[in-house]
Amino acid sequence: MTTGTGPLDADVQDFLKALASTTRQEVMFLFNGDTELTVGEVAKRLSLAPSAASAHLATLREAGILISRREWKTVYYRANPDGILKGLDGLRDYLLACCPPVDYDRSCG
């Protein structure tokens, strides 16, 4: 995506796309603290088909918002604080470059 002020970084685009879905927003609320969940647990808690839960988790993982680990055939997902902060930092940097608040220098300086 390119705008009059410059391109939005691809990582930030993926971050925003991943969080654009209300279902994926609901999924993220399941991962409070250091919670680890499987596809089946997410599907059950949100009344989703396992295939739908898997697709949503994959999108969040690909955007860096979740990380996963495998134990035999089971994949466990959890929030990725570093990925979340990276996405937020990139979004903040983009918005401050394109349209900073009028008194931004005073409040941050």
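Read on for an overview of the structure. Quick caveat, the model's predicted, so the values are computed rather than measured. (Residues numbered from 1 in each chain as written. Predicted model: local features only at pLDDT ≥ 70, side-chain atom pairs only at ≥ 80, totals over all residues. Heavy atoms only, no water.)

### Topic: the environment of Thr-23
By the secondary structure assignment, Thr-23 is in helix α2 (residues 22-29). Not counting residues up to four positions away in its chain, the partners in contact with Thr-23 are Leu-46, Leu-48 and His-56. (Helix = DSSP H or I, 4+ residues; strand = E, 2+ residues; numbered from the N terminus. Contact = heavy atoms within 4.5 Å.)

### Brief notes about the packing of α2 against helix α4 (residues 50-62)
Contact geometry for α2 and α4: axes closest at 10 Å, N-to-C directions at 80°. With respect to α4, the element α2 is oriented roughly perpendicular. Residue-level inspection shows Thr-23, Arg-24, Val-27 and Met-28 of α2 in contact with α4, the latter providing His-56, Leu-57, Thr-59 and Leu-60. Of the residues assigned to the contact of α2 with α4, the class counts are four nonpolar, three polar and one charged. (Axes fitted to C-alpha atoms, helices over the stretch in contact; angles between N-to-C directions. Parallel < 35°, antiparallel > 145°, perpendicular 65-115°, else oblique. Nonpolar A, V, L, I, M, F, W, Y, C, P; charged D, E, K, R; others polar.)

### Looking at the packing of helix α1 (residues 10-20) against α2
In contact at an axis separation of 5 Å, α1 and α2 are set at 90° when each is read in the N-to-C sense. One way to sum up the angle between α1 and α2 is to call them roughly perpendicular. Contact residues: α1 offers Lys-17, Ala-18, Leu-19 and Ala-20, while α2 offers Thr-22, Arg-24, Gln-25 and Met-28. Grouping the amino acids of the contact of α1 with α2 by side-chain chemistry returns four nonpolar, two polar and two charged.

### A closer look at the pairing of strand β3 (residues 66-71)
Along any regular strand, the residues point their side chains to alternate faces of the sheet. Where β3 lies against strand β4 (residues 74-79), six bridges are found, and the strand directions are antiparallel. In the strand pairing of β4, Ile-67 is matched with Arg-78. (Pairing = 2+ DSSP bridges.)

### Things to note about the pattern of salt bridges
Counted according to the given criterion, the structure contains six salt bridges. For Glu-36, the salt bridge goes to Arg-69, with nearest N and O atoms at 2.8 Å. Of the two residues, Glu-36 sits in the loop between α2 and α3 (39-46) while Arg-69 sits in strand β3, which places them 33 residues apart along the sequence. You can call Glu-36 partly exposed: its relative accessible area is 27%. Asp-93 serves as the salt-bridge partner of Arg-92, at 3.2 Å between the closest nitrogen and oxygen. (Salt bridge = Lys/Arg side-chain N within 4 Å of Asp/Glu carboxyl O. Buried < 20%, exposed > 50% of the residue type's maximum accessible area, 1.4 Å probe, protein only.)

### Quick word on the environment of Ala-58
Its location among the elements puts Ala-58 in helix α4. With a relative accessible area of 18%, Ala-58 lands in the buried category. When the C-alpha positions of Ala-58 and Val-39 are compared, they lie 9.9 Å apart, and in sequence the two are 19 residues distant.

### Some details on α3
Residues of α3 that are buried: Val-39, Val-42 and Ala-43. One side of α3 carries all its buried residues, which in axial view fall inside an arc of 100°. Exposed side chains of α3 directed beyond 90 degrees from the buried face belong to Lys-44 and Arg-45. Close packing links the buried residues of α3 with α2, α4 and β4. Directly beyond the C-terminal end of α3, a positive phi value near 55° is found at Ser-47. (Arc of directions from axis to C-beta.)

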